[in-house]
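# Working through the structure, step by step
Listed below are the residues making up each chain.
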Amino acid sequence: MILETTYSSDNYPIIVEHNALAHLHKYIQDYKDVVLIVDATVNKEWSIALDFITSEYDAHKVIIPSGESTKSLSFYAETIESLLSRKLTRDTCLIAVGGGATGDFTGFLAATLLRGVDFIQVPTTILAHDSSVGGKVGINSKHGKNLIGAFYRPKAVIYDLDFLATLPYSEILSGYAEVYKHALLTNIKAVNEIEQQYHNANTLENLEEIEYYLYKGIETKLNIIINDEKESNVRKYLNLGHTFGHAVEYEFKIPHGHAVMIGIVYQFIVANNVLNQDFDIAHFVKYLQALNYPLDIIKQFKFESLYDLMLKDKKNDQQGVQMVLLDGIGNPIVKHVDRTILLQSFELFIKHFE
Ligand SMILES: NC(=O)c1ccc[n+]([C@@H]2O[C@H](COP(=O)([O-])OP(=O)(O)OC[C@H]3O[C@@H](n4cnc5c(N)ncnc54)[C@H](O)[C@@H]3O)[C@@H](O)[C@H]2O)c1
């Protein structure tokens, strides 16, 4: 399946299929230099396929540490100096092969190397169906996640679903939170459909029909970001579940999507409180349990420290915490929520997981 962005210029294709890497040659054949920046775990699992690309296109390969540790200022400095030592010119294409961390890091390298060279995203996780699209790239600061970065579009997103075969279940769960979030932002039909398809851990682990759901998720994200690339209004909706989720992720160092899924449930409780919604919280809790999300960590949650972290959320303004809430499935809004409501909702939330 191929999607194409619909900006007024600088559009890029998003190819989502098995063996999508076969399309790569069309996008890299004219560059003087091609550099693959590859997550170390992905390199270990897929070295034969990747070495084939490097030899076929006379490309360099740079292996970077797996996951989030790569998104640091010190590692960025080390890598960009090393790239510059190769005397690269602007006629260079960087190719990010890995999950969201590799994509964010490589995109930021591309945005800043020689004031900008081209880059291609080759996502290898489920979560990266989200992070590889939309042009947000960046690294972390000691002050918080993704605080150093840019909006910088890739030349193509080549999402080869073969990579997903080596993904551990914990990472499937992490990515699934964003796929599910995209269904919640679409409509009730999309939510019913995805819950039926993946009704327990076994069905989710098998990833049957995942191509369709990833495609749908990307389509939802595109519809939003085409209207608001730089997050001045509707792009904020993509933060559904992230206000509480980021706080939990930061405090307990659990995978991004596990925390977002927990944040989505908390958001339903807040929406019931402030928007008079009637979301069936027990249904969502049961669904997370059926998928085997690790939820024991919730017993350690304390409101005050999570609230302090929520106060640092980038969507907030001088009035305090702003959350994305569902005013009905498929109908997100951004709303101020005061401390009293957040605390009451937290107490209810904890009861559901006792
Ligand atoms: N730019 C954006 O719009 C955006 C959106 C959402 C999230 N993000 C960022 O994405 C990152 C999270 O992405 P992620 O969950 O993909 O994390 P990740 O890149 O850290 O990958 C997760 C783990 O999976 C491993 N892995 C990757 N592909 C694999 C494969 N095919 N087989 C086996 N193991 C594999 C990695 O080595 C890593 O240990 C965060 O840094 C987050 O800030 C960015």
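Criteria and thresholds
Residues numbered from 1 in each chain as written. Predicted model: local features only at pLDDT ≥ 70, side-chain atom pairs only at ≥ 80, totals over all residues. Heavy atoms only, no water. Near = heavy atom within 4 Å. Polar contact = N/O pair within 3.5 Å; in protein donor to acceptor, adjacent residues only side chain to side chain. Areas by Shrake-Rupley, 256 points an atom, 1.4 Å probe, with all protein chains shown as cover. Helix = DSSP H or I, 4+ residues; strand = E, 2+ residues; numbered from the N terminus. Nonpolar A, V, L, I, M, F, W, Y, C, P; charged D, E, K, R; others polar. Pairing = 2+ DSSP bridges. Axes fitted to C-alpha atoms, helices over the stretch in contact; angles between N-to-C directions.

## Brief notes about the site of the ligand
Residues in close proximity to the ligand total 23 residues, the closest being Glu-68, Gly-100, Thr-124, Thr-125 and Thr-166. Within the side chain of Asp-39, an N or O atom sits 2.8 Å from an oxygen atom of the ligand. One of the side-chain N or O atoms of Thr-125 is found 2.7 Å from an oxygen atom in the ligand. In isolation the ligand offers 860 Å² of accessible surface; the protein chains occlude 89% of this area. Mapped by element, the contributors of at least two residues to the shell around the ligand are α2 (40-45), α5 (100-112) and β8 (144-151). Sort the elements by how many residues they give to the shell around the ligand and α5 lands first, with three residues. Among the residues forming the shell around the ligand, the class breakdown is five nonpolar, ten polar and eight charged.

## Digging into the sheet that holds strand β6 (residues 118-123)
If you walk across this open sheet you meet the seven strands as β1-β2-β9-β6-β5-β3-β4, and the pairing is mixed. With partners counted over all chains shown, the strands left at the sheet margins are β1 (2-4) and β4 (60-64), one partner each. For this sheet the average axis-to-axis angle between neighbouring strands, irrespective of direction, equals 15°. The pairing of strand β3 (residues 33-39) with β4 spans five bridges and is parallel. Counterpart to Val-35 in the pairing with β4 is His-60.

Spatial relationships are all this shows, so hold off on functional conclusions.
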